[in-house]
Amino acid sequence: QVLLVESGGGLVQAGGSLRLSCAASGRTFSSYAMGWFRQAPGKEREFVAAINWSGTMTYYADSVKGRFSISRDNAKNTVYLQMNSLKPEDTAVYYCAAVYSRVPVSLINTAEWDYWGQGTQVTVSS
C-alpha cells in the first residue's frame, strides 16, 4: 500500500514552467513504478509520463514529449514532473499514480495503475 499526495500546481502564463511533486508514504517506494496523468474538464483522464523503479527508463505522451520531464528521488520518496513551455491545452488536474514493480505494458491504461493521488490543479493562461 502507498499513499500519494501531489503538490506544486498553480496558475502560470503560456510559455512558463511549473514543477509538480508527488510525495509517497510507505516503506517500499523504490519498488514502485510511478506515473503522471491529467484530466481536463469534460475529458477523460489521459497519460502524461511514467518512470520505472530505478529512474533509468522514462515514457511520455507525444503531446508533452520534449517539454515535460519526469524524475524521482527514492531517498525522499518523491516523484517530480517538470513542465516547461506550458500551453493552455495543458490545463488540467494532474494526478500521480503508482504500481508495484514494472511499468505496465499498457501504461496509458488507467486500470493498470493501483494507487492514485487526489490531484493538483494546473492552469495555463493565454
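Just above sits the structure.
Residues numbered from 1 in each chain as written. Predicted model: local features only at pLDDT ≥ 70, side-chain atom pairs only at ≥ 80, totals over all residues. Heavy atoms only, no water.

Peer 1: Looking at this structure, how should I read unusual backbone geometry?
Peer 2: Apart from glycine, the bulk of residues carry a negative phi angle, and the bulk of peptide bonds sit in the trans form. Its identity as a non-glycine residue notwithstanding, Asn77 has a phi of 55°, on the positive side. The topology assignment puts Asn77 in the loop between strand S7 (68-73) and strand S8 (78-83). Its relative accessible area of 22% is what places Asn77 among the partly exposed residues. The phi dihedral of Ser85 is positive, around 50°, even though this residue is not glycine. (Helix = DSSP H or I, 4+ residues; strand = E, 2+ residues; numbered from the N terminus. Buried < 20%, exposed > 50% of the residue type's maximum accessible area, 1.4 Å probe, protein only.)

Peer 1: Would you mind showing me how to read the sheet that holds S8 here?
Peer 2: Strand pairing within a sheet occurs via backbone hydrogen bonds; the two strands may be parallel or antiparallel. Taken in spatial order, the 4 strands make up an open sheet running S1-S3-S8-S7, and their pairing is antiparallel. Of all the strands in the sheet, the pair left with one neighbour each is strand S1 (3-7) and S7. Going from strand to strand, the sheet's axes swing by 15° on average, the running direction of each strand aside. Bridge count between S7 and S8: 6 bridges; the pairing is antiparallel. In the sheet register, Asp73 faces S8, and the bridge partner there is Thr78. (Pairing = 2+ DSSP bridges. Axes fitted to C-alpha atoms, helices over the stretch in contact; angles between N-to-C directions.)

Peer 1: Teacher, can you tell me more about the nonpolar core here?
Peer 2: Generally speaking, soluble globular proteins have nonpolar side chains that are buried together. In terms of nonpolar packing, the biggest core is built from 39 residues, with Leu4, Met34, Trp36, Leu81, Met83 and Tyr94 touching the most fellow members. Of all elements in the fold, only strand S3 (18-25), strand S4 (32-39), strand S5 (46-51), S7, S8, strand S9 (92-100) and strand S11 (120-125) reach the threshold of two or more residues within this core. The leading source of residues in this core is S9, at 6 residues. Residues contacting Leu4, with those up to four places away along its chain left out, are Cys22, Ala23, Ala24, Met34, Cys96, Ala97, Ala98, Tyr115, Trp116, Gly117 and Gln118. (Core = buried A, V, L, I, M, F, W, Y, C linked by side-chain atoms within 4.5 Å. Contact = heavy atoms within 4.5 Å.)

Peer 1: In this structure, what is going on with the packing of aromatic side chains? I would like to understand it.
Peer 2: How two aromatic rings sit relative to each other is given by the distance of their centres and the angle of their planes. Per the counting criterion, the structure on display carries 5 aromatic pairs. With a centroid separation of 6.0 Å and 70° between ring planes, the pair formed by Tyr32 and Tyr115 is classed as edge-to-face. Of the two residues, Tyr32 is situated in strand S4 and Tyr115 in strand S10 (residues 115-116); the sequence distance between them amounts to 83 residues. Tyr115 carries the same exposure label as Tyr32, and that label is buried. Linked through ring pairs, Phe37, Phe47, Trp113 and Trp116 together constitute an aromatic cluster. In this structure, Arg45 is placed above the aromatic ring of Tyr95, and the distance from its NZ or CZ to the ring centre is 5.1 Å. (Phe/Tyr/Trp six-rings, centres within 6.5 Å; stacked < 30°, edge-to-face > 60°. Lys NZ or Arg CZ within 6 Å of the ring centre and 35° of its normal.)

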